[in-house]
Amino acid sequence: MKTKRELGLFNTVIMGLSGAIGFEIFVLLDYAYFHLAGSSIVSALLLAGLINLLIMFSYCELGAAMPEVGGEYTYIKTAYGGYIAFISGCFRWLASVFAAALAAVCFTQQLAYLFSLFVPEIESFMLAQMPLIAIAVVIILATSEIKGAKKPGIFIVFAFIAIFAIFIASGLLRELTPLEILPKQPLEGLPGVFAATVYMFPMFFGMRALIASAAFIKHPGKNVPKGILLSALLIIPLYASIAYVATGVIPLEETRPPAPFLNLAAENVLPGVGGALFAIAGMVASLSALGTSLTVQSSIARGMSRDGYLPKVLLSIHRRFGTPYVAIIAGSLFIMVLSAIGAVEFLGYAASFGSLLVFALVNLSLLKLRKKKPYMERPFKTPLYPFTPIAGVIMSVTLLVFPMFLRDVNAASALVSGIGLTTLVLMTYYLRMMGRYRLQIAIGGVGLGIGVSLVLLTCLSEACFVSPILPYIPSYIILVISAISIIAGILNATAHG
Amino acid sequence: MIVGIMQSMVAVLIVIFACGIYFNFFDIQTSLNAAVESLYLHILALFVFGFFSIISGLFLVHEWLESR
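Just so it is clear, the structure is predicted and the values come from calculations on it, not from any experiment. (Residues numbered from 1 in each chain as written. Chains lettered and ligands numbered in written order. Predicted model: local features only at pLDDT ≥ 70, side-chain atom pairs only at ≥ 80, totals over all residues. Heavy atoms only, no water.)

Novice: For this particular structure, what's the right way to read the overall build of chain A?
Specialist: Summing up its helical and strand segments, chain A has 20 helices and 0 strands in all. The proportion of buried residues among the 497 residues of chain A is 54%. Taking as baseline every contact in chain A between residues at least 6 positions apart, the subset at least 24 positions apart corresponds to 82%. Of the roughly 21700 Å² that chain A leaves accessible, carbon and sulfur atoms contribute 70%. (Helix = DSSP H or I, 4+ residues; strand = E, 2+ residues; numbered from the N terminus. Buried < 20%, exposed > 50% of the residue type's maximum accessible area, 1.4 Å probe, protein only. Contact = heavy atoms within 4.5 Å. Areas by Shrake-Rupley, 256 points an atom, 1.4 Å probe, with all protein chains shown as cover.)

The following block contains the structure:
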């Protein structure tokens, strides 16, 4: 069925803005300011915005040439086929799940802050109960997604722009502390500024929402690139100005304050109402982002399921509400576990890493498609080809590794988790493509091998030829477990297809 | 079917045991008296073997259910 194109340039820009203006600014500035870049976060934000814009040029070309539903997944699939598309789909899914978990944590933080304005004693209690609150929020949002909740309209975009504009204007009218916004004396040197750039990068990711909706945009060849550029030109100065005002009113202390940084700045700039206003805005943004992420992750999972990479059960639609309830519940379970961890820094980096990998793949896809399909209709062409997509790939990969130079523990944990999840993704792909019976036979063979090896090693250790494998487990238990493993291995290896 | 259930149950116990060592429930690490450097290797081995055995056992149970 062909989709109806009814969105003009104005709505396209609004869509880009509604994707980009989100909860991230309420939660990601703290760590970047107090631990990574100090007041140079303004430069880091500008850099993140410009790199995002550079990458978005590739999105523009591909989005205008292939305005079908599917976004990155479709581009990468056309360029490299199913295998790489599956990997990119998984990373995109993971990035959505990490972002959703971050949104749940942000909501809890803002809720705790809002309550603390009225009953100060309650904040520490709420922060202690953060995992439970975050899980409850995910459950409520997942339930409303299953019931087919409507998304907030464009009024929310204007409300946010108005709040931020008041904050910036009030801040600039005050006498701000002179800021050293250029990366001259950042906390951790130039690597700190780059690490902050990576960390705050998710603030601009939402702009991709525009590309994903290219199928509904009139004259996508013109409106998609224009929409992306206009959204970027509005968002980058807006975020940089917010950071400029916030760093100007909150001095860089030795210790990080317990309350969210932006809320404290709002409290200073707009005494009496600022903190509460930003807390409510942060909560609304978090809930909206959580709902969007749940929808995005379920649509990615269903797309991969439709292509046969994931179980078909993910395609199940709720009889009454007509929503993909299995995909929503499956994603929600992951989000609940991640949000219960509550580690904002880890989640921020993890969401960034997943998306950066997809960005690199999208830029590579553009390079590949220019060679593979030179006569493909391209209403918009990336300027300065091939330097722009090559720069996009280099920047994405560089941003991935930069926090490692800083030896940032959170970045290292996120990268290690990313490598582990990549391994899991590749294993899933091969196992899925292998078929159940071949997998059963393979597992049977391995089980048989492990069982026999355990028996041999236990006999050798009993005869004192080698040291015991697990000294605290008695040999007879190991032998019983080995026997079960051998029998199960034989049964699995001889399974009939 | 019996082998499948037994293997899965033993595997679940192994994973619980590995979790117990990792989180040091009831001060289990001290009572096992194992060297710290080899402890994490043991935990990894127990986890891998446990998860692998769970899948293997579930395959047998699934096959039995299909054949009924």
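Novice: Sorry if this is basic, but what is going on with the environment of B:Ala18 here?
Specialist: Residue and element names in this part refer to chain B. Within the element layout of this structure, Ala18 appears in helix 1 (residues 2-23). For Ala18, a relative accessible area of 0% puts it in the buried group. C-alpha of Ala18 to C-alpha of Phe59: the two residues are 41 residues apart in sequence and 23 Å apart in space. Not counting residues up to four positions away in its chain, the partners in contact with Ala18 are Ile43, Leu46 and Phe47.

Novice: Before we go on, may I ask you to explain the pattern of salt bridges in this structure?
Specialist: Pairing is possible between side chains of opposite charge, provided their charged atoms come close. All names here are of chain A. According to the stated counting rule, one finds 3 salt bridges over all chains in the structure shown. Salt-bridge contacts for Glu61 lead to Arg370; the nearest nitrogen and oxygen are separated by 2.8 Å. Residue Glu61 is found in helix 3 (residues 41-65), and its partner Arg370 is found in helix 16 (residues 344-372); the two are separated by 309 residues along the sequence. Linked by salt bridges that have partners in common, Glu61, Arg370 and Arg378 make up one network. (Salt bridge = Lys/Arg side-chain N within 4 Å of Asp/Glu carboxyl O.)

Novice: Looking at this structure, I do not really get the interface of chain A and chain B. What am I missing?
Specialist: Taken together, the contact pairs 23 residues of chain A with 21 residues of chain B. Taken together, both faces of the contact between chain A and chain B bury some 1800 Å²; the carbon and sulfur share is 76%. The tally of links from chain A across to chain B stands at 0 salt bridges. At the junction of chain A with chain B, the criterion picks out 2 residue pairs in polar contact (both at pLDDT 80 or more). Listed by contribution, the elements that provide at least two residues to the side of chain A that touches chain B are helix 19 (436-462) and helix 20 (475-493) of chain A. In terms of residues, the side of chain A that touches chain B owes the most to one element, helix 19 of chain A, which gives 9 residues. (Buried area = accessible area lost by both parts, 1.4 Å probe. Polar contact = N/O pair within 3.5 Å; in protein donor to acceptor, adjacent residues only side chain to side chain.)

Novice: Looking at this structure, how should I read the confidence of the model for chain A?
Specialist: Low-confidence regions, as indicated by low pLDDT, have predicted coordinates that should not be scrutinised in detail. Per-chain confidence: chain A averages 79 in pLDDT, with 89% of residues scoring 70 or above. Within chain A, the lowest mean pLDDT, 70, falls on helix 6 (residues 122-128) of chain A, and the highest, 87, falls on helix 20 of chain A. (pLDDT = per-residue confidence, 0-100.)

Novice: When you look at empty space enclosed by the protein in this model, what are you seeing that I'm missing?
Specialist: If a probe as big as a water molecule is rolled over the atoms, it shows which places are left empty. Counted according to the given criterion, the structure contains 1 cavity of 30 Å³ or more. If you add up the space inside the largest cavity, you get close to 40 Å³. For the largest cavity, the full set of lining residues is A:Ile481, A:Ile484, A:Ser485, B:Gln7, B:Val10, B:Phe49 and B:Ser53. Those elements giving two or more residues to the lining of the largest cavity turn out to be helix 20 of chain A together with helix 1 and helix 3 (36-67) of chain B. Counting residues per element, the lining of the largest cavity draws most heavily on helix 20 of chain A, which supplies 3 residues. Partitioned by chemical class, the residues of the lining of the largest cavity number 4 nonpolar, 3 polar and no charged. (1 Å grid on protein atoms, 1.4 Å probe; cavity = no way out; pocket = protein on both sides within 12 Å on 5 of 7 lines; lining within 4 Å. Points joined across faces, edges and corners; volume = space filled by probe spheres on them. Nonpolar A, V, L, I, M, F, W, Y, C, P; charged D, E, K, R; others polar.)

Novice: It is not clear to me how the packing of aromatic side chains should be interpreted in this structure. Could you clarify?
Specialist: What characterises a pair of aromatic rings is the spacing of the ring centres plus the angle enclosed by the ring planes. Residue and element names in this part refer to chain A. Counting across every chain of the model gives 18 aromatic pairs over all chains. Between the aromatic rings of Phe26 and Phe278, the centroid separation amounts to 6.0 Å while the plane-to-plane angle is 65°, which identifies the pairing as edge-to-face. On the criterion of sequence distance, the pair formed by Phe26 in helix 2 (residues 24-37) and Phe278 in helix 14 (residues 274-306) is long-range, its members being 252 residues apart. Residues Phe201 and Phe359 carry aromatic rings whose centres are separated by 6.1 Å and whose planes lie at 75° to one another, so their mutual orientation is edge-to-face. Taken together, the residues span a long stretch of sequence, with Phe201 in the loop between helix 9 (189-200) and helix 10 (202-205) and Phe359 in helix 16 at a distance of 158 residues. Each residue in the set Phe26, Phe160, Phe164, Phe167 and Phe278 is aromatic and connected to the rest through ring pairs, giving one cluster. (Phe/Tyr/Trp six-rings, centres within 6.5 Å; stacked < 30°, edge-to-face > 60°.)

Novice: Would you take a moment to explain the layout of surface pockets for this structure?
Specialist: Residue and element names in this part refer to chain A. Each pocket or cavity is described by its volume, and for the second largest pocket that value is around 1500 Å³. Lining of the second largest pocket is provided by 43 residues; of these, Phe334, Leu421, Leu424, Val425 and Thr428 occupy positions nearest its centre. Considering each element in turn, the lining of the second largest pocket owes the most residues, 8 residues, to helix 18 (residues 409-434). Partitioned by chemical class, the residues of the lining of the second largest pocket number 36 nonpolar, 5 polar and 2 charged. Two domains each provide a minimum of three residues to the lining of the second largest pocket, namely domain 1 (9-410) and domain 2 (435-497). (Domains from an automatic or database assignment.)

Novice: For this particular structure, what's the right way to read unusual backbone geometry?
Specialist: Glycine aside, residues mostly have negative phi, and peptide bonds are mostly found in the trans state. All names here are of chain A. Here the amide bond leading from Tyr385 into Pro386 is cis, since omega sits at 5°, within 30 degrees of zero. Mapped onto the secondary structure, Pro386 falls in the loop between helix 16 and helix 17 (387-405). A positive phi angle is found at Leu384, which is not glycine, with a value near 55°. The exposure class of Leu384 is exposed, given its relative accessible area of 68%.

Novice: Can you walk me through a nonpolar patch on the surface in this structure?
Specialist: Residues and elements named next belong to chain B. On the surface, a cluster of nonpolar side chains totalling about 660 Å² of accessible area is made up of Met1, Ile2, Ile5, Met6, Met9, Trp64 and Leu65. At the level of secondary structure, the elements contributing two or more residues to the nonpolar patch comprise helix 1 and helix 3. If one sorts the elements of the nonpolar patch by residue count, helix 1 sits on top with 4 residues. Structurally, the position occupied by Met1 is in the segment before helix 1. Its relative accessible area of 37% is what places Met1 among the partly exposed residues. (Patch = residues over 30% accessible without salt bridge, like charges linked within 9 Å, V, L, I, M, F, W, Y side chains within 5 Å.)

Novice: How should the side chain of A:Gln110 be read in this particular structure?
Specialist: Residue placement: A:Gln110 occurs in helix 5 (residues 82-118). For A:Gln110, the residues in contact, after removing those within four places along its chain, are A:Phe26, A:Pro260, A:Asn263, A:Phe278, A:Ala279, A:Gly282 and A:Met283.

Novice: When you look at the side chain of A:Glu61 in this model, what are you seeing that I'm missing?
Specialist: All names here are of chain A. Given the relative accessible area of 1%, Glu61 is considered buried. At 2.8 Å, the side chain of Glu61 forms a polar contact with the side chain of Arg370. Excluding its chain neighbours within four sequence positions, the residues that come into contact with Glu61 are Leu366, Arg370, Arg378, Phe380, Lys381 and Thr382.

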